[in-house]
Amino acid sequence: MELVPGRTALPPGWDRGAAPCGGRPERGGYRAVTTVTGRKRSPRADVSGIRHGAARRGMAGRDPPAAERCLRRIMRPDDANIAGNVHGGTVLKMIEEAGAIISTRHCNSGQGEPCVAALARVERTDFLSPMCIGEVANVSAEITYTSKHSVEVQVNVMSENILTGAKKVTNKATLWYVPLSLKNVNKVVEVPPIQYVHKEQEDEGRKRYEEQKLDRLETKQRNGDVILPVINPEPHTVGYSQSSLIHLVGPSDCTLLGFVHGGVTMKLMDEVAGIVAARHCKTNIVTASVDAINFHEKIKKGSVITISGRMTFTSNKSMEIEVFVDADPFVDEPQERYRAVSAFFTYVSLSKEGKPLPVPQLLTESEEEKRRFEEGKGRYLQTKAKRQAQLQQAAQH
């Protein structure tokens, strides 16, 4: 995957005097600038594509960092399933790469020590529309809030049919990053602050920060489950579809600090969740959404990770799958196995024509499985009510 080069044909509706992805023309490419919403734009700041609410932080003697960065890549056959739909894990990996780029650049734009932004959490992400082989994924990222030690990044993914020019938004995601020092990986450095156009933006961002901080703590406290093999399980039971994948963490999986990229982990988690869903339905399945993904601990190069998934809930047309990642730091580390990441994935079953199919109901056997089913049902109803409220609000406007 590459950063969008400086010399690129501009999409329809873009100002020819503006540079794509928040940059301005210079010798050899583009240099980043930031648009400030709510102020009169000068020619040098006439940049398209910056959403309302973009934040700006200026420093004496230098240009501010870009409000958006773009990644662009064509989807290949190895990015998709047998039906030609791009894997949700592939999209999540691109989202994380875009977020890592803009947050690392921002955290190194001040006078502090060099650092790399590490993914701490991904908020709920809905897959609004499927992406197919041959389409181009356009990923844009924007910093929307900073605390003393964290950065909130909002990422949008748009697919483009390069034959017809048709475009559609496929994903919107919010990610939280923490900057770790290059000299000491256990040290969290301070994040350069950003300036907000309106105070309400900062207040709303602080509220989101406190909410995710509390949710991360609660999730970490209840992460103690393990998945044990079941002998001769019956079809459509939890034991029948549960799956695990074991992966040795190599250099290509890691950041400059020697820890696994969050996007790599999410891609593996989506693969396991997809296997669980396919085993349960025996049909073509696609990722519909991912609940909040919490990264509890760093995973070091040389570790062996076990990604485990199990069905927790089914509605008429969707399946909720719990996935968690356990790490065994075998190389140069006497540390015992620990829970590194956890999340809930939602899948839907599709026909050959791409139409939703009914999902076989999950057969719960133990009291623990029944408890997890009721908890999943609560999350499903809560999400459904929230979506309906959003649709009603949109209709009123």
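Each value, and the rule that gives it
All residue numbers here refer to positions counted from 1 along the written sequence of the relevant chain. For this predicted model, a pLDDT threshold of at least 70 governs which residues receive local features, and a threshold of 80 or more governs which side-chain atom pairs are given and counted, while totals over whole chains, interfaces and linings are taken from all residues. As a rule here, side-chain values come from all non-hydrogen atoms in the structure, and water together with hydrogens is ignored. The numbering of helices and of strands both runs from the N terminus, where a helix is a DSSP run of H or I of at least 4 residues and a strand a run of E of at least 2. Here the expected length of a helix is defined as 1.5 Å per residue gap, with one fewer gap than residues. Here, two residues are considered to be in contact whenever any of their heavy atoms come within 4.5 Å of each other. Residues form patches when they are more than 30% accessible in relative terms and have no salt bridge. Like charges link within 9 Å. Nonpolar side chains (Val, Leu, Ile, Met, Phe, Trp, Tyr) link within 5 Å. Surface accessibility follows the Shrake-Rupley procedure with a 1.4 Å probe radius. Residue values consider only the protein chains on display as shielding. For salt bridges, the criterion is a side-chain nitrogen of Lys or Arg within 4 Å of an Asp or Glu carboxyl oxygen. Partly exposed describes any residue whose relative accessible area lies between the buried limit of under 20% and the exposed limit of over 50%, with all areas from a 1.4 Å probe on protein chains only and scaled to the type maximum. We call a set of buried residues a nonpolar core when its members are Ala, Val, Leu, Ile, Met, Phe, Trp, Tyr or Cys and they connect through side-chain atoms within 4.5 Å of each other. For Phe, Tyr and Trp, where Trp contributes only its six-membered ring, two rings pair if their centres lie within 6.5 Å, and the inter-plane angle classes them as stacked under 30 degrees, edge-to-face over 60, or tilted in between. As a reminder, the over-ring test applies to NZ of lysine and CZ of arginine, requiring each to be within 6 Å of the ring centre and within 35 degrees of the ring normal. Axis definition: a line fit to C-alpha positions, over the contact stretch in the case of helices; interaxial angles, taken between N-to-C directions, run 0 to 180 degrees. Between 65 and 115 degrees an angle is taken as roughly perpendicular, under 35 as roughly parallel, over 145 as roughly antiparallel, and anywhere else as oblique. By definition, turning the near helix anticlockwise from the far helix through less than a right angle yields a left-handed crossing, and turning it clockwise yields a right-handed one. Under the scheme applied here, ten amino acids are nonpolar (Ala, Val, Leu, Ile, Met, Phe, Trp, Tyr, Cys and Pro), four are charged (Asp, Glu, Lys and Arg), and all others, including Gly, are polar. What qualifies as a polar contact is a pair of N or O atoms within 3.5 Å, subject to a donor-acceptor requirement within protein and to the restriction that residues adjacent in sequence count only when both atoms come from side chains. pLDDT measures the predictor's confidence residue by residue and takes values from 0 up to 100.

Novice: Would you mind showing me how to read helix α5 (residues 367-396) here?
Specialist: For an α-helix, the turn length of 3.6 residues means that residues three or four places apart are oriented alike. Spanning 30 residues, α5 covers 44 Å between terminal C-alpha atoms, matching the ideal 44 Å at 1.5 Å per step. As for α5, its buried residues are in contact with α3 (238-241), β13 (304-314), β14 (319-328) and β15 (338-350).

Novice: Just to check I follow, could you spell out a nonpolar patch on the surface for this structure?
Specialist: On the surface, Ile74, Ile162 and Leu163 cluster together to form a nonpolar patch covering roughly 330 Å² of accessible area. Positionally, Ile162 belongs in the loop between β8 (151-160) and β9 (167-181). Residue class for Ile162 comes out partly exposed when judged on its relative accessible area of 47%.

Novice: In this structure, what is going on with the nonpolar core? I would like to understand it.
Specialist: In globular proteins that are soluble, nonpolar side chains generally tend to be buried together. Ile299 and Phe345 are the most contacted members of the largest nonpolar core, which totals 71 residues. Looking at this core element by element, the count peaks at nine residues for helix α4 (residues 262-281). Each residue touching Phe345, except ones within four places of it in the same chain, is listed here: Leu92, Met266, Met269, Asp270, Ala273, Thr287, Ser289, Val290, Met319, Glu320, Ile321 and Val323.

Novice: When you look at the packing of aromatic side chains in this model, what are you seeing that I'm missing?
Specialist: How two aromatic rings sit relative to each other is given by the distance of their centres and the angle of their planes. Scanning the model with the defined rule gives six aromatic pairs in all. Grouped by ring-pair contacts, the aromatic residues Tyr145, Trp176, Tyr196 and Tyr209 constitute a single cluster. Here the basic side chain of Lys298 rests over the ring of Phe259, its NZ or CZ set 5.3 Å away from the ring centre. Over the ring of Phe324 we find Arg339; its NZ or CZ atom is 3.9 Å from the centre of that ring.

Novice: Is there a simple way to explain the pattern of salt bridges in this structure?
Specialist: Opposite charge on two side chains permits them to pair, given that their charged atoms come into close proximity. Per the counting criterion, the structure on display carries 21 salt bridges. Here Asp79 ties to Arg73 by a salt bridge, and the two come within 3.0 Å at their closest N and O atoms. You can call Arg73 buried: its relative accessible area is 15%. Between Glu113 and Lys187 there is a salt bridge, with the nearest N and O atoms lying 2.6 Å from each other.

Novice: Any chance you could explain the packing of helix α1 (residues 88-107) against α4 here in plain terms?
Specialist: Two packed helices can be described by the angle between their axes and the distance between those axes. Where α1 contacts α4, the axes come no closer than 8 Å and their chain directions differ by 165°. Here α1 is positioned roughly antiparallel relative to α4, judged by the angle of their axes. Where α1 crosses over α4, the two elements pack in a sense that is right-handed. In contact with Gly88, Gly89, Thr90, Leu92, Lys93 and Glu96 of α1, α4 contributes Gly262, Gly263, Val264, Met266, Lys267 and Asp270. Looking at side-chain class alone, the contact of α1 with α4 contains three nonpolar, five polar and four charged residues.

Novice: How do you make sense of the side chain of Ser243 when you look at a structure like this?
Specialist: Note that Ser243 resides in strand β10 (residues 243-248). Within the local environment of Ser243, its side chain forms a polar contact with the backbone oxygen of Ser241, the two atoms lying 3.0 Å apart. Not counting the four nearest positions on each side in its chain, Ser243 is found in contact with Val272, Ile275, Val276, Arg279, Ile307, Ser308 and Gly309.

Novice: Whenever I open this one, the confidence of the model for the chain confuses me. Can you help?
Specialist: Close inspection of predicted coordinates is inappropriate for parts of the model with low pLDDT. On average, residues of the chain carry a pLDDT of 82, and 80% of them reach 70 or more. Taken as a whole, residues 1-67 scores under 50 in pLDDT and shows 136 contacts with residues more than four places along the chain or in a different chain.

Novice: Just to check I follow, could you spell out α4 for this structure?
Specialist: Between its terminal C-alpha atoms α4 stretches 29 Å, which fits the 28 Å expected from 20 residues at 1.5 Å a residue. Of all 20 residues in α4, 15 are buried, a share of seventy percent or more. Positive phi shows up at Lys282, right after α4, with a value of about 60°.

Novice: What am I meant to see in the side chain of Asn284 here?
Specialist: Mapped onto the secondary structure, Asn284 falls in strand β11 (residues 284-290). Here Asn284 is in contact with Asn81, Ala83, Asn85, Val348, Ser349 and Leu350, once residues within four sequence places are set aside.

Novice: Please clarify how unusual backbone geometry should be interpreted in this entry.
Specialist: For residues besides glycine, phi is generally negative; the peptide bonds are generally trans as well. Of note in the backbone geometry, Asn232 takes a positive phi value of approximately 50° without being a glycine. Structurally, Asn232 is set in the loop between α2 (199-221) and α3. Positive phi, normally seen in glycine, also occurs at His236, with a value near 70°. Relative to the helices and strands, His236 resides in the loop between α2 and α3. Overall, the relative accessible area of 30% leaves His236 in the partly exposed class.

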